[in-house]
Amino acid sequence: MPAPEEPPAVPTPNTASPRVSRKAVLRAAAALGAAPLVARGGVALARDRSTTTRPLDATPQCHDGDEPTIEQIEGPYFKPDSPLRTSLVTDSTPGTRLTVTGYVFSRICRPIAGALLDFWQADDNGDYDNAGYAFRGHQFSTNQGAFSLTTIVPGLYPGRTRHLHVKLQSPGQPIVTTQLYFPGEPRNSTDTIFDARLLMNVRQVGPARAATFDFVLDAPQDPTTPPTTPPSGGTWAAGTPYHAGDVVTYGGSTYRCLQAHTAITGWEPPNVPALWQRS
């Protein structure tokens, strides 16, 4: 049985009047069990208008002024070196299917391509796989900053409400560790780690659930320059600057970049597994 995660330190109250964003209002309403609707009756995000799990639309506008996604504790069950995959389930995996989609933005609301997202969670019984890599996997955001995770609704265990863990890293920037939560969960009000700013928008899709959440990272971007898109299908070459998520070929094999760097002779993909993962 997993042990409860330690609660974070209580932050010092801020006496200033913070600007309340539209997303913050929606998430607060969801925490109270209200439907995540805007004043005119629409849903919180444009892509939530669909009741299917179709591919993400073009990157939505981001002009809300949201602060960076808040960090939370890692907890005792993180394991490095998770598999590269966007689905954590098979046809026989027990539990309620859950699809989580969204985007990774910078603070100036530009999509971040090649951002690392490393997810881990409890299974349907509330247990973590500490021997293997069940319900663990990492992926990289697309050229449009989008991500998509196929998993199940995690089970409950003592001391916590339902949640997903995630580590994020914009290419060449520090890692951000946080958690995602489900609206309407009874334990949200008693979980000392829960934060309504991390609530996903969740809807029922037949027997499954579909959730959306957009991450905002404090990553530097030039507002006058289009976001960099990772090269795909090119041949590795010394002197080329690579970003996390870039895909190259070398010696007839395909490799994905794990860390941003400028290639030099001697750092060919097969020689530096810390920088390149064979696909």
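Notes on the structure follow.

Definitions and cut-offs
- Residues numbered from 1 in each chain as written.
- Predicted model: local features only at pLDDT ≥ 70, side-chain atom pairs only at ≥ 80, totals over all residues.
- Heavy atoms only, no water.
- Pairing = 2+ DSSP bridges.
- Helix = DSSP H or I, 4+ residues; strand = E, 2+ residues; numbered from the N terminus.
- Axes fitted to C-alpha atoms, helices over the stretch in contact; angles between N-to-C directions.
- Contact = heavy atoms within 4.5 Å.
- Polar contact = N/O pair within 3.5 Å; in protein donor to acceptor, adjacent residues only side chain to side chain.
- Core = buried A, V, L, I, M, F, W, Y, C linked by side-chain atoms within 4.5 Å.
- Buried < 20%, exposed > 50% of the residue type's maximum accessible area, 1.4 Å probe, protein only.
- Phe/Tyr/Trp six-rings, centres within 6.5 Å; stacked < 30°, edge-to-face > 60°.
- Lys NZ or Arg CZ within 6 Å of the ring centre and 35° of its normal.

1. Let's talk about the sheet that holds strand β6 (residues 175-181)
Strands sit in the order β3-β2-β5-β6 across an open sheet of four strands; the sheet is antiparallel. The sheet is open, and its two borders are formed by β3 (136-140) and β6, each paired with just one other strand. Between one strand axis and the next, the sheet turns through 20° on average, direction left out of account. The pairing of strand β2 (residues 116-120) with strand β5 (residues 163-169) spans five bridges and is antiparallel. The residue of β5 that forms the bridge with L117 is L168.

2. Side note on the environment of E185
Looking at the secondary structure, you find E185 in the loop between β6 and β7 (201-205). Distance in space between the C-alpha atoms of E185 and T161 is 7.1 Å, their sequence separation being 24 residues. Apart from residues lying up to four places away in sequence, E185 is in contact with T161, R162 and R209. At 3.1 Å, the side chain of E185 and the side chain of R162 are in polar contact.

3. A word on the nonpolar core
Within soluble globular proteins, side chains that are nonpolar tend to cluster in buried spots. V100, V104, L117, M200 and F215 are the most contacted members of the largest nonpolar core, which has 32 residues in total. Elements supplying a minimum of two residues to this core: β1 (97-106), β2, β4 (146-152), β5, β6 and β9 (215-217). Those residues in contact with M200 that sit more than four places away from it in its chain are V100, L164, L180, Y181, F182, P183, A211, T212 and F213.

4. Description of unusual backbone geometry
The phi dihedral of C109 is positive, around 65°, even though this residue is not glycine. We classify C109 as partly exposed; its relative accessible area is 21%. At F135, a residue that is not glycine, the phi angle is positive and equals roughly 55°. Residue F135 is classed as buried on the basis of its relative accessible area, which comes to 10%.

5. Here we look at the environment of D124
The residue D124 is located in the loop between β2 and β3 in this model. For the pair formed by D124 and T96, sequence separation is 28 residues and the distance between their alpha carbons is 8.1 Å. Those residues within four positions of D124 in sequence are excluded, and the remaining contacts are P94, G95, I152, V153 and G155.

6. Examining the packing of aromatic side chains
The description of an aromatic ring pair uses the distance of the two centres, along with the angle that the planes make with each other. One pass over the full model with this rule turns up 10 aromatic pairs. For the ring pair W236 and Y250, a centre distance of 5.7 Å and an interplane angle of 90° mean the geometry is edge-to-face. With W236 in the loop between β10 (232-235) and β11 (241-242) and Y250 in strand β12 (residues 247-250), the pair connects residues that are 14 residues apart, well separated along the chain. By relative accessible area, which is 10% here, W236 ends up buried. When its relative accessible area of 30% is taken as the criterion, Y250 is described as partly exposed. With a centroid separation of 5.1 Å and an interplanar angle of 80°, the aromatic rings of Y242 and W276 are classed as edge-to-face. With Y242 in strand β11 and W276 in strand β15 (residues 276-278), this pair connects stretches of sequence that are 34 residues apart. No difference in accessibility class separates Y242 from W276, as the two residues are buried. Cluster of aromatic residues (ring-pair linked, three or more members): F119, F147, F213 and F215. Here the basic side chain of K79 rests over the ring of Y133, its NZ or CZ set 4.1 Å away from the ring centre.

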